Amino acid sequence: QVQLVESGGGLVQAGGSLRLSCAASGRTFSSYGMGWFRQAPGKEREFVASISWSGGNTYYADSVKGRFTISRDNAKNTVYLQMNSLKPEDTAVYYCAQSPVRRAVVLPTTPDAYTYWGQGTQVTVSS
């Protein structure tokens, strides 16, 4: 049973930074790509960033490119999302997700393609 637990959310002023963490358990973390998604009130869940199983490939939504950085520490079974220059429109619940495909070369950007999800962590950016 895969478990994903996010942490690190909170309230921050515009222009500030936060680092989200997602601790994984249940299967060989280092063999699976990971993604971060977010969902604002009244909106659909949207892709934020993803990282391949090795960490060698990363992908970002255009809205966060240059401000957010995804990384992973396979020794700690943890994926991170460093968020800088935060904007009020970044306010959302942030979820981490794990790809169901072992050692996938390309990671999807649609939520339906991910099988395992964390419970989410709230990020609120005040103006």
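Quick note: structure is the one above.
Residues numbered from 1 in each chain as written. Predicted model: local features only at pLDDT ≥ 70, side-chain atom pairs only at ≥ 80, totals over all residues. Heavy atoms only, no water.

Participant: Is there a simple way to explain unusual backbone geometry in this structure?
Facilitator: Of all residues except glycine, most have a negative phi; of all peptide bonds, most are trans. Of note, Asn77 is a non-glycine position whose phi angle comes to about 55°, a positive value. Turning to its location among the elements, Asn77 is positioned in the loop between strand E7 (68-73) and strand E8 (78-83). A positive phi angle, near 55°, is found at Arg103, a position not held by glycine. Mapping Arg103 onto the fold places it in the loop between strand E9 (92-102) and strand E10 (116-117). (Helix = DSSP H or I, 4+ residues; strand = E, 2+ residues; numbered from the N terminus.)

Participant: Just checking my understanding: could you explain the environment of Ala40 for this structure?
Facilitator: Mapping Ala40 onto the fold places it in the loop between strand E4 (32-39) and strand E5 (46-51). Assessed through its relative accessible area of 19%, Ala40 is described here as buried. On a C-alpha basis, the gap between Ala40 and Glu89 in space is 8.7 Å, while along the polypeptide they are 49 residues apart. For Ala40, the residues in contact, after removing those within four places along its chain, are Thr91 and Ala92. (Buried < 20%, exposed > 50% of the residue type's maximum accessible area, 1.4 Å probe, protein only. Contact = heavy atoms within 4.5 Å.)

Participant: Honestly, the sheet that holds strand E1 (residues 3-7) in this entry has me stumped. Any pointers?
Facilitator: Backbone hydrogen bonds hold the strands of a sheet together, and the pairing may be parallel or antiparallel. Strand order in the open sheet made by the four strands is E1-E3-E8-E7, with antiparallel pairing throughout. The open sheet is flanked by E1 and E7, the only strands paired with a single partner. Between one strand axis and the next, the sheet turns through 15° on average, direction left out of account. Pairing of E7 with E8, which is carried by six bridges, proceeds in the antiparallel orientation. Residue pairing across strands places Asp73 opposite Thr78, the latter belonging to E8. (Pairing = 2+ DSSP bridges. Axes fitted to C-alpha atoms, helices over the stretch in contact; angles between N-to-C directions.)

Participant: Looking at this structure, how should I read the pairing of E8?
Facilitator: Where burial is concerned, most of E8 is hidden: five out of the six residues are buried. For strand E3 (residues 18-25) and E8, the ladder comprises six bridges, and the chain directions are antiparallel. Along E8, the bridge assignment pairs Arg19 with Gln82. Following E7, the chain reverses through four residues before pairing antiparallel with E8; Asn77 in that reversal takes a positive phi of roughly 55°.

Participant: Explanation requested: the state of the cysteines in the structure shown.
Facilitator: When the sulfur atoms of two cysteines share a covalent bond, that bond is a disulfide. Going through the model one piece at a time under the given rule, you end up with one disulfide. Across a sulfur-sulfur distance of 2.0 Å, Cys22 and Cys96 are joined as a disulfide pair. Taking the sign of the S-S torsion, about 50° here, the bridge from Cys22 to Cys96 comes out right-handed. Taken together, the residues Cys22 in strand E3 and Cys96 in strand E9 connect sequence positions 74 residues apart. Residue Cys96 is classed as buried on the basis of its relative accessible area of 0%. (Disulfide = S-S within 2.5 Å.)

Participant: Explain the environment of Lys43 here, please?
Facilitator: With respect to the secondary-structure elements, Lys43 resides in the loop between E4 and E5. What makes Lys43 exposed here is its relative accessible area of 58%.

Just geometry here; none of it tells us what the structure is for.
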